[in-house]
Amino acid sequence: MPAPRILVTGGAGFIGSHTCVALIEAGYQPVVLDTLVNSDARSLKRVACITGVEPVLVRADVRDAAALDRAFAAHEVRAVVHLAGLKAVGESVADPLGYYDVNLAGSLALARAMDRAGVRTLVFSSSATVYGDSHPSPIAEAAPHGPVNPYGRTKSMVESMLADLSRADPRWGIACLRYFNPVGAHESGLLGELPNGPPNNLMPYISQVAAGEREYLVVHGADYDTADGTGVRDYVHVMDVAEGHVAALHRAARRPGILMANLGTGHGASVLEVVSAFERASGRRIALRIGPRRPGDAPAYWADARSAWRTLGWRARRDLDQMCADSWRWQCANPHGFDDPVPALVPGAALFQNNDRGINIHSNRGHTHV
Ligand code: NAD
Ligand code: UDP
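Residues numbered from 1 in each chain as written. Chains lettered and ligands numbered in written order. Predicted model: local features only at pLDDT ≥ 70, side-chain atom pairs only at ≥ 80, totals over all residues. Heavy atoms only, no water.

(A) Focus on the state of the cysteines. Scanning the model with the defined rule gives 0 disulfides in all. No disulfide involves Cys176; its sulfur sits 20 Å from that of Cys20, the nearest cysteine. Overall, Cys176 belongs to the buried group, its relative accessible area being 0%. Free cysteine: Cys324, not disulfide-bonded; nearest cysteine sulfur from Cys332 at 13 Å. (Disulfide = S-S within 2.5 Å. Buried < 20%, exposed > 50% of the residue type's maximum accessible area, 1.4 Å probe, protein only.)

(B) View of the pairing of strand β2 (residues 29-34). Counting buried positions along β2 yields 6 of 6 residues, so the element is predominantly enclosed. Across the two faces of β2 the burial is the same, with Gln29, Val31 and Leu33 and Pro30, Val32 and Asp34 all buried. Bridge count between strand β1 (residues 5-9) and β2: 5 bridges; the pairing is parallel. Considered in β2, the bridge of Ile6 is made with Pro30. This β-α-β element, β1 to helix α1 (residues 14-25) to β2, shows right-handed connectivity. Two elements, β2 and strand β3 (residues 56-59), share 4 bridges in a ladder whose sense is parallel. Paired with Leu33 across the bridge in β3 is Val58. In this fold, the crossover linking β2 to β3 by way of helix α2 (residues 42-51) has right-handed handedness. (Helix = DSSP H or I, 4+ residues; strand = E, 2+ residues; numbered from the N terminus. Pairing = 2+ DSSP bridges. Right-handed = clockwise from strand over helix to strand, strands pointing away.)

(C) Quick look at the nonpolar core. In this structure, Ile6, Leu177, Leu249 and Leu312 are the most contacted members of the largest nonpolar core, which totals 45 residues. Among the secondary structure elements, those contributing two or more residues to this core are β1, α1, α2, β4 (77-82), β6 (173-179), α8 (238-254), β11 (257-263) and α10 (306-312). Here this core gets 8 residues from one element, more than from any other, and that element is α8. Judged by nonpolar contacts, the second largest core, of 27 residues, contains Leu33, Ala111, Met114 and Val119. (Core = buried A, V, L, I, M, F, W, Y, C linked by side-chain atoms within 4.5 Å.)

(D) Representation of the packing of aromatic side chains. Within the structure shown, the criterion is met by 4 aromatic pairs. With 6.4 Å between their ring centres and 35° between their planes, Tyr131 and Phe180 make a pair best called tilted. Of this pair, Tyr131 sits in the loop between β5 (121-127) and α6 (150-168) while Phe180 is found in the loop between β6 and β7 (181-183), placing the two residues 49 residues apart along the sequence. Judged by its relative accessible area of 6%, Phe180 falls in the buried class. Relative to Trp328, the ring of Phe278 lies with its centre 6.0 Å away and its plane at 80°, an arrangement referred to as edge-to-face. Taken together, the positions of Phe278 in helix α9 (residues 271-282) and Trp328 in helix α11 (residues 320-333) put the pair 50 residues apart, joining distant regions of the chain. Considered together, Phe278 and Trp328 belong to a single accessibility category, that of buried residues. Among the aromatic residues, those joined into a ring-pair cluster are Tyr131, Phe180 and Tyr301. Here the basic side chain of Arg289 rests over the ring of Tyr216, its NZ or CZ set 3.8 Å away from the ring centre. Sitting above the plane of the Trp309 ring, Arg315 keeps its charged end 3.8 Å from the centroid. (Phe/Tyr/Trp six-rings, centres within 6.5 Å; stacked < 30°, edge-to-face > 60°. Lys NZ or Arg CZ within 6 Å of the ring centre and 35° of its normal.)

So this is what it looks like as structure tokens:
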């Protein structure tokens, strides 16, 4: 039996590439559809290094209906994981139409193409930003939406569109995953986040300070009403997030309707706690300066993670120390990203140094499939 194929839009990106690893480990064959506007096709070679299977890449735009039809016709796609999108909050404020186009029109084009192809199982990358900043934590899925920027509104609108679709046509099975703060890297050191320019996000910034690429971290505000005055977030390991997609896929394939699930640990960590954890993981001191609050930042929020456990049987298994250790391993092994040679940190990695095809070194485990 060939492995069931899953179309992964945005699969060459940070979360998408890790999701490809989790899908392959669960016995699926990812078919990645990506423009590579914010990613690098070499991430898929790294997926092959880890799993022995290289995802097929369809270089196309998720808004391109004809390209979607061709992809569904060419590959026997069983279900879709939809991660393709733009994600920079500040950019979404400056260019709202660009964000509505890619995130909203892209999701609409994809849902229509899925319907034409008769593929009606979908996992959608949503975000905790749909909640806005007025809810007490932990935030449960039933909390009303209140996004405070165009990026968050695109995610909220796509969720509403998918909810309407599932009400109108009970053949659809949909899971919307609301990620909190995905960080970390694959434990092999082969796959991780590649920020474009100076990182906006905390973990990659700290990592670059630890590596000596940046002088110090600016802490955006130490006068919040939190235990140590710095902002609190629910950081969740990217491989936990990736495995959440597999759990969501199983659920969406088996149960029609729509499900919203938080992907978070259920615990918050402050900026200073993350800094301390990174210092432990790296053995390096992180220089920091306290700066003013960043406009638009919420003081503190974290997930109520109980519903994801109840509905998906998923919960985060990796802690903050592991998130930092894996980020640091990725940073040290790939100071120039994918321009660096494949680091020989995992047994067999050297085998793939010049191997474009990917050889199956791991057998897929016996899981049930969609
Ligand atoms: P990423 O930028 O690394 O991945 C997104 C991928 O989509 C990239 O490979 C990019 O090239 C591709 N893409 C962009 N526009 C496209 C288009 N029009 N057609 C096809 N491909 C396109 O980002 P990520 O962090 O991996 O995020 C993946 C998804 O998760 C996004 O939808 C994002 O909004 C969502 N999300 C991310 C976070 C986070 O903190 N990283 C948090 C919540 C939600
Ligand atoms: N942060 C910081 N310095 C930085 C980047 C982020 O102090 O250089 C803080 C930020 O104010 C927030 C937390 O770290 O309290 C997480 O920020 P990030 O941008 O990673 O995630 P988001 O704010 O989008 O949840």
